[in-house]
Amino acid sequence: MPRLPINRFPTFDPGPKPMTRPNGSPATRVILAVFDGMRPDMISEKTTPNLMRLARRGIWFREARSVFPSMTRVATTSIATGAPPRVHGIVGNAFYWPAAARKHALDTSLIDDIALLEASDGRAATATTFGDQLALAGRKLAIVHTGSAGSAYLLNPRARANGHWTFSALGEDHTQTPEAVRQMIARFGALPPRSLPRFEEIDYAATVMTEHVLPVMQPDAAVVWFNEPDTSFHYKFIGAADSMAVIRHADAAFGRILDWVDAQPDADRFAIIAASDHGQIATSAEINLAGRLTEAGHRAVRAADRNTDGAAVAITGGNMGEIRILDGGAERSDAIARWLMEQPWIGHVLSRARNEIEGEAEGTFAISAAGLDHARQPDLVYVLKSNEDRDPQDWPGVGLMTGGVPLGGGMHGGFNRYEQNTLLIGAGAGWSGADVMTSAPAGIIDIAPTILDLLGVERASTMTGKSLLDAAADEAEIKIIETGVGSFRQRLAYREADGRRFIVSGQPQ
């Protein structure tokens, strides 16, 4: 894998240097810990005593939400930019964008594909990040990451130019600052082996945080990204013994960070945020969507196959995905939308906006209703059916998929309540309560503005999220929109507050 491009943004203009309020800032240090794929309904005193320890000290936004699609790199970019995909432009873990590549979808976990996107568009994420704002204010950000190269990159795309530091447990080729990896190997030994569950990577990341980043580097903001329980949910199943073990292990690693903070003489000046990027649901059956579309007269290829020659449409998969029309234009798009809505395994179909709610194709939702209306938006989006039934391990949330994980494994991306609901707890300096659980509207787009507010740095103009420091009492009613054609009906439940839309669920209420 080639090294990440360095200083690839000569035309980037973040605007004027933000004002800072160093004497009035509620925190001098901020720590963000992300547990990839963690479901908040799995947090308990028995399984995650350290996350509960944090919750007792602060505010738990129990109804916090991800974005749509609820996928890791989409959510990562939303955490970094404080905005949904309509603003930052990462519209899928993989998405077809012919300006950058015509024969395949761009896989945003791969640096080669991100480089293609940057070569065509100038920037992968078309919004300012909290890392950019911190750099403009002369503040330091350090990231310890255990996920893909693309995920680490999108969390701080200009890390090198910003003078920041990103360590990846996956190696030098997974970070813009490979010297960070060399430094940690020299100090702590070889990088951990890749095993499942990811116990060793979690431990190594916690060691880097507690023995180097926090005490030695002393950055204004520090982020640790644990790649669990997401990976184990996918391949070991939600609620299975291995998955529960790795949740406990990640919680214990987080406990080491809390212990380190508690031992500091200025512990009361630290603010800590624990979050997840999305949830997961179990898969119950597999649909060969490409094959069925082809049988219906629309030669379809999976965009991940990296060869779209002769295809009429390119699709991405999971429990939801995009459909890009390669041949046939609006007529084919409408025909596919009608066909999809006739299938018993379809839950939602979205197309380009006709109005605020309805898409151009009759019976579809507007892509804009889900916050996905960026220049890179697809022609159609499909979401396979799911429900809130209990899986074989007795956890709610079950749905269909097109493939990608073993049958029964976890999946995410869609509108299910248990995909959208995320962990979000804030405690320490700046937070206005202790042992508070609130249903106030909140989500991952609020993390970046909150970090900046804690440090007294102004948010970027592209950030649509809000600081959550005084948001525990906020309220917003659930609204429901519905559309369909013939016997097909689809609905979305959401809450709107301060210009932010949070999808509650795609299932009937």
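For the structure itself, look to the data block above.
Small disclaimer: the values here were computed from a predicted structure and weren't measured.

Asks: Could you give me a rundown of the side chain of T166, with the residues and numbers involved?
Replies: For T166, the position within the fold is in strand β6 (residues 165–168). Filtering out sequence-adjacent residues up to four positions away, T166 remains in contact with I143, A152, A159, T175, T177 and A180.

Asks: Can you lay out the nonpolar core for me, pointing to particular residues and giving the numbers?
Replies: Counting residues in hydrophobic clusters, the biggest one holds 74 residues, and the most contacted among them are L32, F61, F68, F130, L424, W431 and I451. Sort the elements by how many residues they give to this core and helix α14 (residues 447–454) lands first, with five residues. When sequence neighbours within four positions are dropped, the list of residues in contact with L32 reads I79, A222, V223, V224, I273, A275, I447 and I451. Counting residues in each nonpolar core, the second largest holds 48 residues, with F167, I202, F270 and A427 among its members.

Asks: An account of the layout of surface pockets is requested, with residue identities and associated values reported.
Replies: Once rolled over the atoms, a probe with the size of a water molecule shows which space is left empty. Computed from the structure, the largest pocket encloses a volume of approximately 1,200 Å³. Along the wall of the largest pocket there are 49 residues; nearest its centre are R73, N93, H234, Y235 and G404. Put simply, the parts of the chain that give the lining of the largest pocket at least two residues each are α2 (72–81), α9 (230–236), α11 (289–295) and β12 (320–325). The leading source of residues in the lining of the largest pocket is α9, at four residues. Among the residues making up the lining of the largest pocket, the classes are represented as 19 nonpolar, 20 polar and ten charged.

Asks: Please set out the packing of aromatic side chains residue by residue, giving values where relevant.
Replies: The full count for this structure, using the stated rule, is eight aromatic pairs. Summarising the aromatic geometry, the rings of F35 and F226 are spaced 5.3 Å apart at their centres and angled 45° between planes, so their arrangement reads as tilted. Highlighted residues: F35 in strand β1 (residues 29–35) and F226 in strand β7 (residues 221–226), separated in sequence by 191 residues. Grouping residues by exposure puts F35 and F226 together as buried. When the centroid spacing of 4.2 Å and the interplanar angle of 15° are considered together, the rings of F68 and F415 count as stacked. Placement of the pair is F68 in the loop between β2 (58–61) and α2 and F415 in the loop between β18 (410–411) and α13 (417–420), with a sequence separation of 347 residues. Feature note: the residues F35, F226 and F254 constitute an aromatic cluster, connected by ring pairs.

Asks: Quick one: what's the story with the pattern of salt bridges, residue by residue and with numbers?
Replies: Overall, the coordinates contain 29 salt bridges when judged by the stated rule. Salt bridges sharing partners connect three or more residues here, namely D446, K466, D474, D498 and R500.

Asks: Quick rundown of the sheet that holds strand β15 (residues 380–384)? Include the residues and the values.
Replies: Strands sit in the order β10-β11-β12-β15-β13-β14 across an open sheet of six strands; the sheet is mixed. In this open sheet, the two strands that pair with only one neighbour each are β10 (300–302) and β14 (365–366). Direction of pairing for β10 relative to strand β11 (residues 313–315): parallel, over a ladder of three bridges. The residue of β11 that forms the bridge with A300 is V313. Docked against the sheet, helix α12 (residues 329–340) engages β11, β12, β13 (346–351) and β15, running at close to 150° with respect to β12.

Asks: With reference to specific residues and values, describe the environment of A245.
Replies: For A245, the position within the fold is in helix α10 (residues 241–262). Classification of A245 as partly exposed rests on a relative accessible area of 22%.

Asks: Residue-level account of the sheet that holds strand β21 (residues 478–485), with values.
Replies: Strand order in this open sheet of three strands is β21-β22-β23, and the pairing throughout is antiparallel. Whereas interior strands pair on both sides, the edge strands pair on one side only; in this sheet they are β21 and β23 (500–505). Ignoring strand direction, the axes of neighbouring strands in this sheet form an average angle of 35°. Here β21 pairs with strand β22 (residues 488–497) via eight bridges, running antiparallel.

Asks: Describe the pairing of β15, with residues and values.
Replies: As a general feature of sheets, a regular strand has side chains that alternate between the two faces. Along β15, five of the five residues are buried, which leaves the element largely enclosed by surrounding structure. Burial along β15 is two-sided: L380, Y382 and L384 facing one way and V381 and V383 facing the other are all buried. As judged from the four bridges shared by β12 and β15, these two strands associate in the antiparallel manner. Counted as the bridge partner of E322 is V381 from β15.

Asks: Account for the packing of helix α1 (residues 49–57) against α10, naming residues and giving values.
Replies: Where α1 contacts α10, the axes come no closer than 7 Å and their chain directions differ by 45°. Relative to α10, the element α1 lies oblique. Here P49, N50, L51, R53, L54 and R57 of α1 lie close against α10, whose contacting residues are D251, A252, F254, G255, L258, D259 and D262. Split into classes, the residues belonging to the contact of α1 with α10 amount to six nonpolar, two polar and five charged.

Asks: Summarise unusual backbone geometry; cite the residues concerned and give the values.
Replies: Each neighbour pair has its own omega, and for F68 with P69 the value is -5°, a cis peptide bond. Summarising the element assignment, P69 is placed in the loop between β2 and α2. At F237, a position not held by glycine, the phi torsion is positive, near 85°. Unusually for a residue other than glycine, D394 sits at a positive phi of about 75°. Structurally, D394 can be placed in the loop between β16 (386–390) and β17 (396–401).

About the criteria used
Residues numbered from 1 in each chain as written. Predicted model: local features only at pLDDT ≥ 70, side-chain atom pairs only at ≥ 80, totals over all residues. Heavy atoms only, no water. Helix = DSSP H or I, 4+ residues; strand = E, 2+ residues; numbered from the N terminus. Contact = heavy atoms within 4.5 Å. Core = buried A, V, L, I, M, F, W, Y, C linked by side-chain atoms within 4.5 Å. Buried < 20%, exposed > 50% of the residue type's maximum accessible area, 1.4 Å probe, protein only. 1 Å grid on protein atoms, 1.4 Å probe; cavity = no way out; pocket = protein on both sides within 12 Å on 5 of 7 lines; lining within 4 Å. Points joined across faces, edges and corners; volume = space filled by probe spheres on them. Nonpolar A, V, L, I, M, F, W, Y, C, P; charged D, E, K, R; others polar. Phe/Tyr/Trp six-rings, centres within 6.5 Å; stacked < 30°, edge-to-face > 60°. Salt bridge = Lys/Arg side-chain N within 4 Å of Asp/Glu carboxyl O. Pairing = 2+ DSSP bridges. Axes fitted to C-alpha atoms, helices over the stretch in contact; angles between N-to-C directions. Parallel < 35°, antiparallel > 145°, perpendicular 65-115°, else oblique.

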